[in-house]
Amino acid sequence: MCRSNTSVPSTAPLALSSLAEHVIKIALYSLVLLHAFNSYRRSATAFSSAVNALVGLLFLRMTHTEVNFLNKRIWRRLPPGYLGFPIIREINFLRTIASGGIHEALAAARAKYGSIFAQSFFGRANVAMGGQDDLRWLFGQDARNNTEIAWPPNIRLLLGPGAVANQSGKYHRALRRLMEPYFGVKFVENYLTSMDNTTIDQLESWAESSKDGKFLSSEVFKMYALRLFYASSFGYIDEAVCSQLHDDFITWLGGFMSMTGATRIPGSAVDEGMKARDRILATMDVLMDKFTEENPEDSERAQTTVIGRLIYGKDKDDNRMMTRDEAKDNMLNLIFAGHDTTFASISSLLYHLSENPDAMEALAEEVSELSEPLTSAALKNAPVLNACMHESWRMDPSVLGSFRKATKELQHKGYTFDAGTVFNYSILMATTDEALYGDHQKFNFRRFLPKSHPLYVPSVDAGIDPLQGRSSYPIFGGGAHVCLGKSFAQLELRVLTARLFRKYDVKVQNAEKIWFPVNGRSIEFRLTERKDL
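Every chain is numbered on its own, with residues counted from 1 as its sequence reads. Note on the predicted model: pLDDT of at least 70 is required for a residue's local features to be given, and 80 or more for side-chain atom pairs to be given and counted; whole-chain, interface and lining totals, by contrast, use all residues. Note that water and hydrogens are dropped before the side-chain values are worked out from all heavy atoms of the structure.

The strands making up a sheet are joined through hydrogen bonds of the backbone, oriented either antiparallel or parallel. Two strands are counted as paired when DSSP detects at least two bridges linking them. Here a helix means four or more residues in a row that DSSP labels H or I, a strand means two or more in a row labelled E, and each is numbered from the N terminus. Reading across the sheet, the five strands line up as β1-β2-β8-β5-β3 and stay open at both edges, with mixed pairing between neighbours. Of all strands in the sheet, those bounded by a partner on one side alone are β1 (116–121) and β3 (147–149). Strand-to-strand twist of the sheet, defined as the mean angle between neighbouring strand axes without regard to direction, takes the value 40 degrees. Inspection of the sheet shows β1 paired to strand β2 (residues 124–129) by six bridges, in the antiparallel sense. Looking across to β2, one finds that Ile116 is bridged to Met129. Lines fitted to the C-alpha atoms define the axes, with helices restricted to the stretch that makes contact. Angles between their N-to-C directions range from 0 to 180 degrees.

Rendered as structure tokens:
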């Protein structure tokens, strides 16, 4: 392909600092390579010869990588951005997570390079993007199958070969055709009664535990999510199974932060995570056998629950059913999504409401006026409830972003990206874009209120409909891989929030920011019955 400079639009900046990074690294690596070569020539033993040869080969490869990066920078095939030195950059990345500096790091990079820049994620160079136009472009490429999912190797391994979250192309479309009908708004309404009853019981239990002034850890929200899954699937709750799944999911998630990648070194995080995965899949087998025994294909529960449709559902186009392994992998992923993103969503919402008494008061007043029984339509049309929910997700999106890989050469903003380029789209960058959300660092539920509401303030109106889930509010991702559980997650948080503030006052303490494996807050909370009831 011709790489004439005349074909490169001026909108693609050539950052001298990024070029200098590679020139310096090439010079340093070349010096080490030269030293290793000379040492090899003078080696007196076979062992020293082997060591020097290995060092030489390692730094030859590293030098080659930097030359390749330099070439990409010059020809606008990689945007500006500091990639760093191996090992040191990984240590700094972990330090950034541990210190809670992810948002500051993203903001600094955006201020320096713009909304698209290069970065390194566990040794893999990728293109980070978080501007509204960037996400719109990337989601469009995903919808046209010009990109595919590109999780880091350890996460891909842990999710499983049959998981829809791991797939692209025809296989991905086939799995989504099997699953999508059972995650729509209408189908999810089948869970409302079970979800509501489980929530009422759970809130009463938490309030009872709070009677002596005791504060509860937000970790209880993870067990709540598992109970919802079990009750929605079977009509009752098996506490022993939920407890075992809870413990195994914690270990499984630990593998997401593996320093050994997908290499299963005994005792490593990914190895322990895969052992936990095996235990979870064994539990899935037991649960699926139990479900089929209790619920034949033509039964109501088989027709109106996600687990029933995973087992019995058929593709309307070719009558294909999921294999048992596919069903287990996808059930694992669905429970994970509920287990941890539910925890993050509830904790963050309670934190932000506790910090903003005006929002909490307006919410309590609104949900107190809802009629019994609660309906999906009433919850969806409660403006303050939904505005608070959407603003909390904007401030603390449960998932910070995701990865896509180009399957062909792509062009964007004057850059030409080779096939194989990995993109890391940042949900957090999009939801903290000052151009979209003024005073983005402040929780303000009025951003999402309808103009007809008495509390509506024109000056803070974001002018964005969060229910559309576009690039201006990509909480559930976008493109061909938009989150399947979006409607379930929204209904779940609406039910819990409405039930909680209809009957209880909540006090929050010891809030801590968490970033990984989900983003949000960790809190302690106490429930007491409202005195005005």
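Exposure above 30% relative accessible area and no salt bridge define the residues that can form patches, which grow by joining like charges within 9 Å and nonpolar side chains of Val, Leu, Ile, Met, Phe, Trp and Tyr within 5 Å. With residues, only the protein chains shown are counted as cover, and all accessible areas are computed by Shrake-Rupley using a 1.4 Å probe. Within this document, salt bridges are pairs made up of a side-chain nitrogen of Lys or Arg and a carboxyl oxygen of Asp or Glu, the two lying within 4 Å of each other. The grouping of Val32, Phe47, Val51 and Val55 at the surface amounts to a nonpolar patch, some 320 Å² of accessible area in total. Among the elements that take part in the nonpolar patch, helix α2 (residues 46–74) stands out by supplying three residues, more than any other. With respect to the element layout, Val55 can be found in helix α2.

The next thing to look at is unusual backbone geometry. With an omega of -10 degrees, the peptide bond running from Glu372 to Pro373 counts as cis. Note that the residue after Phe516, namely Pro517, is joined by a cis bond; omega there is 5 degrees. Along the chain, Pro517 falls in the loop between β9 (504–514) and β10 (520–529). Its identity is not glycine, yet Arg76 carries a phi of approximately 55 degrees, on the positive side. For Arg76, the position within the fold is in the loop between α2 and α3 (88–98). Burial status follows relative accessibility: with a 1.4 Å probe on protein chains alone, a residue under 20% of its type maximum counts as buried, one over 50% as exposed, and anything between as partly exposed. Take Arg76: its relative accessible area is 18%, and that puts it in the buried class. Here Asn510, not a glycine, exhibits a phi torsion of approximately 50 degrees, which is positive. Inspection of the secondary structure puts Asn510 in strand β9. By relative accessible area, Asn510 is classed as exposed at 52%.

Bringing the sheet that holds β9 into the picture now. Strands sit in the order β4-β10-β9 across an open sheet of three strands; the sheet is antiparallel. Each of the sheet's edge strands pairs with one partner strand only, and the pair in question is β4 (216–217) and β9. By the convention used here, residues are in contact when the closest approach between their heavy atoms is within 4.5 Å. Contacts from helix α9 (residues 192–209) reach β4, β9 and β10 within the one sheet, and its direction differs from that of β10 by about 80 degrees.

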